[in-house]
Amino acid sequence: DLGWFMLAQLRAFEVTKDRFWLDDAKKLHARIREDLDDTYGGGVWWKRDGTRFKNVPINAPFVIGSMKLFRHTGDERYRKDALDVYAWMERTLWTSPQVHDGIDDSGIQRAAYTYNHGTFICASLAVYDETRDESKLANAIAAADWAIANLAPGGIMKDEGAGDGAGFKMIMTRYLVDLAVRPGGEKYQEFLDRNAAAAWSNRRQKDSIMGYDWSKPAPAGGIQSFTAASGVDIILQSLLARKRRGH
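Residues numbered from 1 in each chain as written. Predicted model: local features only at pLDDT ≥ 70, side-chain atom pairs only at ≥ 80, totals over all residues. Heavy atoms only, no water.

A look at the overall build of the chain
Here is step 1 of the chain: Scanning the chain for helices and strands turns up nine helices and five strands.
Here is step 2 of the chain: Listed N to C, the secondary structure of the chain is α-α-β-α-α-β-β-β-β-α-α-α-α-α in terms of helices and strands.
Here is step 3 of the chain: Radius of gyration (C-alpha) of the chain: 18 Å, near the 18 Å computed for a compact globule of 247 residues.
Here is step 4 of the chain: Overall, the C-alpha framework of the chain stretches about 50 × 45 × 35 Å when taken along its three principal axes.
Here is step 5 of the chain: Taken across its 247 residues, the chain has 51% of its residues classed as buried. (Helix = DSSP H or I, 4+ residues; strand = E, 2+ residues; numbered from the N terminus. Rg over C-alpha atoms; globule rule 2.2 N^0.38 Å. Buried < 20%, exposed > 50% of the residue type's maximum accessible area, 1.4 Å probe, protein only.)

Describing the side chain of Gln98
Here is step 1 of the chain: Mapped onto the elements of the fold, Gln98 is located in strand β3 (residues 98-99).
Here is step 2 of the chain: Since its relative accessible area comes to 17%, Gln98 is described here as buried.
Here is step 3 of the chain: In this structure, Gln98 is in contact with Leu93, Arg110, Ala112, His117 and Trp146, ignoring residues within four places of it in sequence. (Contact = heavy atoms within 4.5 Å.)

Notes on the sheet that holds strand β1 (residues 53-55)
Here is step 1 of the chain: Pairing in this open sheet of three strands is antiparallel, and the strands run β1-β4-β5 from one edge to the other. The open sheet has two edge strands with one neighbour each: β1 and β5 (107-109). Neighbouring strand axes in the sheet, compared pairwise and without regard to direction, differ in orientation by 25 degrees on average. (Pairing = 2+ DSSP bridges. Axes fitted to C-alpha atoms, helices over the stretch in contact; angles between N-to-C directions.)

Some words on helix α5 (residues 114-131)
Here is step 1 of the chain: Here α5 is 18 residues long and its end C-alpha atoms lie 26 Å apart, about the 26 Å a rise of 1.5 Å per residue gives.
Here is step 2 of the chain: Within α5, 15 of the 18 residues are buried, which leaves it mostly tucked inside the rest of the structure.
Here is step 3 of the chain: Once α5 finishes, Arg132 follows within two positions and takes phi at roughly 60 degrees, a positive value. (Expected span 1.5 Å × (residues − 1).)

Regarding the packing of aromatic side chains
Here is step 1 of the chain: According to the stated counting rule, one finds eight aromatic pairs in the structure shown.
Here is step 2 of the chain: Ring centres of Tyr86 and Phe120 lie 5.7 Å apart, and the angle between their planes is 20 degrees; this geometry places the pair in the stacked category. Linking Tyr86 in helix α4 (residues 76-92) with Phe120 in helix α5, this pair joins segments that are 34 residues apart in sequence.
Here is step 3 of the chain: Taken together through their ring pairs, the aromatic side chains of Trp4, Tyr113, Tyr115 and Phe168 make up a single cluster.
Here is step 4 of the chain: Taking the ring centre of Trp45 as reference, the NZ or CZ of Lys54 above it sits at 4.7 Å.
Here is step 5 of the chain: Lying over the aromatic face of Trp214, Lys169 brings its terminal NZ or CZ to 4.8 Å of the ring centre. (Phe/Tyr/Trp six-rings, centres within 6.5 Å; stacked < 30°, edge-to-face > 60°. Lys NZ or Arg CZ within 6 Å of the ring centre and 35° of its normal.)

Thoughts on the side chain of Lys68
Here is step 1 of the chain: Looking at where Lys68 falls in the secondary structure, it is placed in helix α3 (residues 56-73).
Here is step 2 of the chain: Here Glu14 takes part through its side chain, which lies 2.9 Å from a polar atom of the side chain of Lys68.
Here is step 3 of the chain: Once residues lying within four places of it in the same chain are set aside, the contact partners of Lys68 are Leu7, Leu10 and Glu14. (Polar contact = N/O pair within 3.5 Å; in protein donor to acceptor, adjacent residues only side chain to side chain.)

Observations regarding the nonpolar core
Here is step 1 of the chain: Among the nonpolar cores identified, the biggest contains 68 residues, and Val63, Met89, Ile121, Leu176 and Leu179 are the most heavily contacted of them.
Here is step 2 of the chain: The residues contacting Leu179, other than those within four sequence positions of it, are Ile121, Leu125, Leu137, Ala140, Ile141, Ala144, Gly185 and Tyr188. (Core = buried A, V, L, I, M, F, W, Y, C linked by side-chain atoms within 4.5 Å.)

Brief notes about the pattern of salt bridges
Here is step 1 of the chain: Inspection of every chain in the model, using the stated rule, returns 21 salt bridges.
Here is step 2 of the chain: With a closest N to O distance of 3.1 Å, Lys187 and Asp145 form a salt bridge. With Lys187 in helix α8 (residues 186-201) and Asp145 in helix α6 (residues 134-150), the pair connects residues that are 42 residues apart, well separated along the chain.
Here is step 3 of the chain: The class for Lys187 is partly exposed, based on a relative accessible area of 42%.
Here is step 4 of the chain: A salt bridge links Arg204 to Asp207; its shortest N-O distance comes to 2.8 Å.
Here is step 5 of the chain: The buried category is assigned to Arg204, whose relative accessible area is 12%.
Here is step 6 of the chain: Judged by its relative accessible area of 34%, Asp207 falls in the partly exposed class. (Salt bridge = Lys/Arg side-chain N within 4 Å of Asp/Glu carboxyl O.)

This is the structure:
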């Protein structure tokens, strides 16, 4: 959550140019960095309560935020943090083309989530845009293609449950936009369009709320707001990609 808050502050700075947000993002980065050490070969700890787990959900956003801070400040320390932590993820949590969830004392935890593939895609593109290392662009494409093939049965992103999982899909779709707008990104645009159409066509008719599984009609009972937000988000991301592509 600290990582997402840092990214939100950086976005606020990019929109407003108010350095208050940039300064606050620096403070959050410094706090997150305190949990970066050499256990398991590197990476940032997931929690501050002693839980022995390092995973993609903190390390990929840390890479993204670090590279943004470097671009906005020119401070090479942020660039080094981004490259070091990305390299650790690449050698520890990445078995091309799959992104693994994390690592703990028992070894690599190989669960696959749309959230992790999305943030890894963005982190890979952030490093590629800075270094022009073609292998990082290849990583982003491989992760996206694997997720589409394995986490989207029938071409529609799968139901990942309630709670936090209900919002995972919107993380991946948000960062697929960054691939869709690049040369050769037409297939990602088509994927975004297909999922947006499925979510909307299966909305609940009485109030237009979208459900957990975009391939099926939304349930009649309670639907968590995080879930409904994912449905709205896929429509927005599909349109955003088209706008950025000039369509």
